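Residue-level structural notes
Residues per chain, in single letters:
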Amino acid sequence: MRDMNAILVLGAAVWSQGPSPTLRRRSLHAATLWHKGAAPIIVACGGTGQHPPSEAAAIRDLLREADVPADAIRLEDQSTTTLENIRNALPLLPGRRVIIVTDTYHARRAKMVARHFGLRATLDCPRSDRRHIRQHLRELIARPAYAMKLRREPRTYPPLTGN
């Protein structure tokens with residue numbers, strides 16, 4: 001994993017009382033990976049949903065609390081979907097080799113989108129004590145829908161010096 005260019009943390013909800021358990025779990029997992037030297041930077045993804053701040057800002061705050069330095073964190077704070085998370089993060093990446101941090105139920109769709117945009121992605125999902133049955137069922141519909149959506153999505157991405 002040490003040859004990775006970045007850790008890409010995909011957004012999840014911010015609740016009125018703060019980051020959701022899902023967002024907290026993903027953020028702290030990314031911090032652990034960064035401390036292990038998995039990649040030099042973390043790209044926090046996600047715009048503002050029902051409650052501020054943006055998901056990316058909440059991720060940043062959690063990463064900072066976990067002793068990740070500010071200069072190792074980049075924010076993509078405009079996206080509202082998995083496709084936008086990854087597409088909007090492209091200009092922030094120093095190369096195409098990324099670790100995507102998301103939950104297991106979401107991982108296959110995230111990797112499909114990352115491949116579409118030319119990323120060489122590995123997945124590293126935090127453990128959860130919940131089964132997330134509703135989310136797994138949602139993915140049964142979301143993956144085929146995204147496959148069709150990606151057919152219409154240009155594969156354009158900024159040229160990078162990294163691999």
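Residues numbered from 1 in each chain as written. Predicted model: local features only at pLDDT ≥ 70, side-chain atom pairs only at ≥ 80, totals over all residues. Heavy atoms only, no water.

Overview of the overall build of the protein chain
Spelled out, the test is: Note on conventions: DSSP H or I runs of at least 4 residues are helices, E runs of at least 2 residues are strands, and numbering of each starts at the N terminus. Whether a residue is buried, partly exposed or exposed follows from its accessible area with a 1.4 Å probe, protein chains only, as a fraction of its type maximum: under 20%, in between, or over 50%, in that order. Residue contacts follow a heavy-atom distance rule, with two residues in contact if any of their heavy atoms lie within 4.5 Å. Reported accessibility uses the Shrake-Rupley method at a 1.4 Å probe radius. Residues are deemed covered only where the shown protein chains occlude them.
Scanning the protein chain for helices and strands turns up 5 helices and 7 strands. Reading the helices (α) and strands (β) of the protein chain from amino to carboxyl end gives β-β-β-α-β-α-β-α-β-α-β-α. Taken over 163 residues, the protein chain has a buried fraction of 50%. Residue pairs at least 24 apart in sequence account for 73% of intrachain contacts in the protein chain once pairs closer than 6 positions are excluded. Approximately 8600 Å² of the protein chain is accessible, and the part contributed by carbon and sulfur atoms is 51%.

Some details on the environment of G95
Among the structural elements, G95 can be located in the loop between α3 (82-89) and β6 (97-101). Overall, the relative accessible area of 0% leaves G95 in the buried class. Remark: the alpha-carbon pair of G95 and R120, spanning 25 residues in sequence, is separated by 9.3 Å.

Observations regarding the pattern of salt bridges
Put simply, the test is: When a carboxyl oxygen of Asp or Glu lies within 4 Å of a side-chain nitrogen of Lys or Arg, that pair is called a salt bridge.
Summed over all chains, the structure comprises 3 salt bridges. Residues D103 and R25 are paired through a salt bridge, measuring 3.0 Å at the closest nitrogen-oxygen approach. A residue pair is termed long-range when its members are at least 10 positions apart, and D103 in the loop between β6 and α4 (104-116) and R25 in helix α1 (residues 21-35) qualify at 78 residues. Exposure class is identical for D103 and R25. Each is buried. The residue R60 makes a salt bridge to D61 at a minimum N-O spacing of 3.1 Å.

Some words on the nonpolar core
Defined as follows: Residue types Ala, Val, Leu, Ile, Met, Phe, Trp, Tyr and Cys, when buried and joined through side-chain atoms within 4.5 Å, form a set referred to as a nonpolar core.
With 23 residues, the main nonpolar core has I7, A30, I42, L63, V68 and I99 as its most contacted residues. Elements represented by at least two residues in this core include exactly β1 (6-9), α1, β4 (42-45), α2 (55-65) and β6. Element by element, the count of residues in this core is highest for α1, at 5 residues. In this structure, V98, I100, A110 and A114 belong to the second largest nonpolar core, which totals 20 residues.

Brief notes about unusual backbone geometry
Residue P52 is joined to P53 through a cis peptide bond whose omega torsion reads 5°. Tracing the sequence through the fold places P53 in the loop between β4 and α2. Positive phi, normally seen in glycine, also occurs at D67, with a value near 65°. Mapping D67 onto the fold places it in the loop between α2 and β5 (73-76).

Topic: the pairing of β4
Put simply, the rule is: Strand pairing is assigned whenever DSSP identifies at least 2 bridges connecting the two strands.
The two faces of β4 match: I42 and A44 on one face and V43 and C45 on the other face are all buried. The sheet contact formed by β1 and β4 spans 3 bridges and is parallel. Paired with L8 across the strands is V43, a residue of β4. In terms of strand pairing, β4 meets β5 through 4 bridges, oriented parallel.

Describing the sheet that holds β1
For the record, the criterion: Helix axes use the C-alpha atoms of the stretch in contact, all axes being lines fitted to C-alpha atoms, and the angles between their N-to-C directions lie in the range 0 to 180 degrees.
On the basis of which strands lie adjacent, the open sheet formed by 5 strands has the order β5-β4-β1-β6-β7 and parallel pairing. The open sheet terminates on both sides in strands that have one partner only, identified here as β5 and β7 (120-123). Adjacent strand axes in the sheet meet at a mean angle of 25° when their direction is disregarded. With 4 bridges connecting them, β6 and β7 associate as parallel partners.

A word on the environment of D103
Just so we agree on the cut-off: Two N or O atoms form a polar contact when they lie within 3.5 Å of each other; inside protein one atom must be a possible hydrogen donor and the other a possible acceptor, and for residues adjacent in sequence the pair counts only when both atoms belong to side chains.
By relative accessible area, which is 2% here, D103 ends up buried. In this structure the C-alpha to C-alpha distance between D103 and D124, which are 21 residues apart in sequence, comes to 8.4 Å. Once you skip the residues sitting within four places of it in the chain, D103 turns out to touch T22, R25, R26, C125 and P126. Side chain to side chain, D103 and R25 meet in a polar contact 3.0 Å long.

Geometric descriptors of this kind do not, in isolation, establish any biological role.
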